Amino acid sequence: MTGKKMDIEDKSGVDGSILREAKFAELELVPHSDAAKALAVALEDQTIEFLFASGARKNKFRDDDLVRFKSTLSALAADLLVAALNEEAEGFCYRHSKNDNFKNTVAEYRPYKALKSAWADLGLIEVIDGFMGSSDWDGERYHPKTQSFMWATRLRAKSPLLEMMSEYGITPTTVGQHYKIAKAQFAPIILKAEKSKGGRSGKVLDLDDTAKLRQLRADVNEINEFLSAWEFNFGPAPLLHRIYNDGDLYDFDWNYGGRFYGPRYCYLNWPSALRSEITINGDPVCEIDISACQLTLIYGVLNEPLDLTSDPYQIEGLSRDDVKKAINLIIGLGKVPSDDWGKYDNTKFNQIKHAALGKHPVLIKLEYSQLGSKRLQAVESDIVSAALLSLARDHSIPALPVHDCLIVRQTDAAKAARVLSDSFAQIAGIKPRLSHPILSDA
């Protein structure tokens, strides 16, 4: 453990494993409802009064400075509210504070810096300053004085701020009713470069205008337009987008990633217990899940038969969870690790691995077929997109995607399951095993 790490924990009292779970503050939301606009005015008045009283600001705001200040204030307040839903991070989010990191946001560096300091002094937020390297935040690796491994400042809303928001009827699960993404920030298709060696997400790439891209955009826009006509108890339907990965690889052809995502505040980032409370036009919902999705895709893409009458993760004498973890690890690697491979050089893992290979020898073909997890995600996301479009066009059934799962009204469950199964078979060449409580109880 380093002295730097000791200073951070001594000052914050927060375990590094919690801080590691913090999510990025996008700073892309603007007030939509009257309540959010009224909250912004109240926060603005309180903050500006403090800035002048404390001497942090001496000159009156110019009109254009005030506009930027207000936009930054609302965006930060919204992201702090979104972060409150992140139980693993105990409400923390993070934001890089360099000036050039604010280019694709509705915020700006100077007002963000002023707000961060003022709100901390007012007791509205908790701030843990960023630092270089860590033996705790970054597992076993330590990177002293290495710029590429700088940990960004963490922030979270404290009770006074959350209570103030609540007085205006704004809570973590109702952010979508009160804020929306600024139009200039929305893109239905996002393409990222390959991740860096340090594990950081790849940078967003510029897109060439091709027929394939136009079709992908049109499909996502059609799905969003259809969903916007329905009433959800969490507010307006969130604007969904698809994120593709590894766009700078030589063999990229929209074949890496592609999953649906939404704003940080939306249902996609909620715990499953909260998602189960969603209603669509007042009707309760259920989740239709593709069991062992990526494993099933491997069988389908490689044209191998798979018996889905039984649980593919169930192996006699072994824990189902252990088998599932071992198979998912192999798929994530895109190959079967050797028996003496790294930290998994242990008897238990190797026992489970060999048992899994005995049940699913198709996994041995992963490496030469180059069916890594991101390639499988591309197939999976195309299946989900096809199902969403079919449900909208042919059945007028609203569905919310959660990676390899769909949230639908309970009354639509049977029909939606058939559409999802058919889309899977048409694209992957194999029928999937689906799980959902409504049909299981029937």
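Right above here is the structure, for reference.
Please read these numbers as outputs of a predicted model, since none were measured by experiment.

Draft legend 1. Quick peek at the packing of aromatic side chains. What the rule picks out here adds up to ten aromatic pairs. Relative to Tyr-267, the ring of Phe-234 lies with its centre 6.2 Å away and its plane at 20°, an arrangement referred to as stacked. With Phe-234 in the loop between helix 8 (211–227) and strand 10 (241–244) and Tyr-267 in the loop between strand 11 (257–261) and helix 9 (272–275), this residue pair connects regions lying 33 residues apart in the sequence. The two residues Phe-234 and Tyr-267 agree in class, both being buried. Ring-pair connections join several aromatic residues into one group, and the members of that group are Phe-232, Phe-234, Tyr-267 and Trp-270. Above the ring of Phe-61, the side-chain terminus of Arg-57 is found at 3.7 Å from the ring centroid. Its guanidinium or amino end placed over the ring of Phe-102, Arg-95 lies 4.9 Å from that ring's centre, counting from NZ or CZ.

Draft legend 2. Representation of the sheet that holds strand 11 within the structure. If you walk across this open sheet you meet the three strands as 9-10-11, and the pairing is mixed. The open sheet terminates on both sides in strands that have one partner only, identified here as strand 9 (189–191) and strand 11. Averaged over all neighbouring strand pairs, the angle between strand axes comes to 25°, with direction disregarded. Looking at chain direction, strand 9 and strand 10 are connected through three bridges and run parallel. When the bridges of strand 10 are listed, Ile-190 appears paired with Ile-243. Contacts from helix 14 (residues 373–395) reach strand 10 and strand 11, with the element oriented near 45° to strand 11.

Draft legend 3. Highlighting the sheet that holds strand 3 (residues 93–95). Strand order in this open sheet of four strands is 1-3-7-4, and the pairing throughout is mixed. Where the open sheet ends on each side, the last strands, each with one partner, are strand 1 (23–24) and strand 4 (125–128). Note: strand 3 against strand 7 (residues 153–157), three bridges, orientation antiparallel. When the sheet's bridge partners are listed, Tyr-94 is paired in strand 7 with Arg-154. Here helix 5 (residues 109–121) sits on the sheet in contact with strand 3, strand 4 and strand 7, set at roughly 115° to strand 4.

Draft legend 4. Focus on the packing of helix 10 (residues 293–301) against helix 14. Two elements in contact, helix 10 and helix 14, have axes separated by 10 Å at closest approach and are oriented at 90°. Considering the angle they form, helix 10 stands roughly perpendicular to helix 14. Contacts between helix 10 and helix 14 pair Cys-293, Gln-294, Leu-297 and Ile-298 from the former with Ser-373, Leu-376, Gln-377, Val-379, Glu-380 and Ile-383 from the latter. In terms of residue class, the contact of helix 10 with helix 14 is made up of six nonpolar, three polar and one charged.

Draft legend 5. Spotlight on the environment of Leu-73. By the secondary structure assignment, Leu-73 is in helix 4 (residues 63–83). Taking the C-alpha atoms as reference points, Leu-73 and Glu-44, 29 residues apart in sequence, are found 7.4 Å from one another.

Draft legend 6. Seen up close, the state of the cysteines. Under the counting rule described, the total for this entry stands at zero disulfides. Cysteine Cys-405 is unpaired, with the sulfur of Cys-286 as its nearest cysteine sulfur at 8.9 Å.

Criteria and thresholds
- Positions within a chain are numbered from 1, following the residues in the order the chain's sequence is written.
- Whole-chain, interface and lining totals are the exception, using all residues; otherwise, since this is a predicted model, local features are given only for residues with pLDDT of at least 70 and side-chain atom pairs are given and counted only at 80 or more.
- By convention in this description, side-chain values take in all heavy atoms of the structure and omit both hydrogens and water.
- When two rings of Phe, Tyr or Trp (its six-membered ring) have centres within 6.5 Å they constitute a pair, described as stacked for plane angles under 30 degrees, edge-to-face for angles over 60, and tilted for the intermediate range.
- Elements are defined by DSSP. Helices are runs of H or I of four residues or more, strands are runs of E of two residues or more, and each kind is numbered from the N terminus.
- For the exposure calls, accessible area comes from a 1.4 Å probe over protein chains only, and a residue counts as buried if that area is under 20% of its type's maximum, exposed if over 50%, partly exposed in between.
- Counting as a charge over the ring demands two things of the Lys NZ or Arg CZ atom: a distance within 6 Å of the ring centre and an angle within 35 degrees of the ring normal.
- Should DSSP find at least two bridges between two strands, the strands are regarded as paired.
- To obtain each axis, a line is fitted to C-alpha atoms, and for helices this fit is confined to the stretch in contact; angles are then taken between N-to-C directions over 0 to 180 degrees.
- The contact criterion used throughout is that any non-hydrogen atoms of two residues lie within 4.5 Å.
- What sets the label is the angle itself: under 35 degrees gives roughly parallel, over 145 gives roughly antiparallel, 65 to 115 gives roughly perpendicular, and the rest give oblique.
- Asp, Glu, Lys and Arg are counted as charged, while Ala, Val, Leu, Ile, Met, Phe, Trp, Tyr, Cys and Pro are counted as nonpolar; the rest, among them Gly, fall into the polar class.
- In plain terms, two cysteine sulfur atoms within 2.5 Å form what is called a disulfide here.

By themselves, these figures tell us nothing about what the structure is for.
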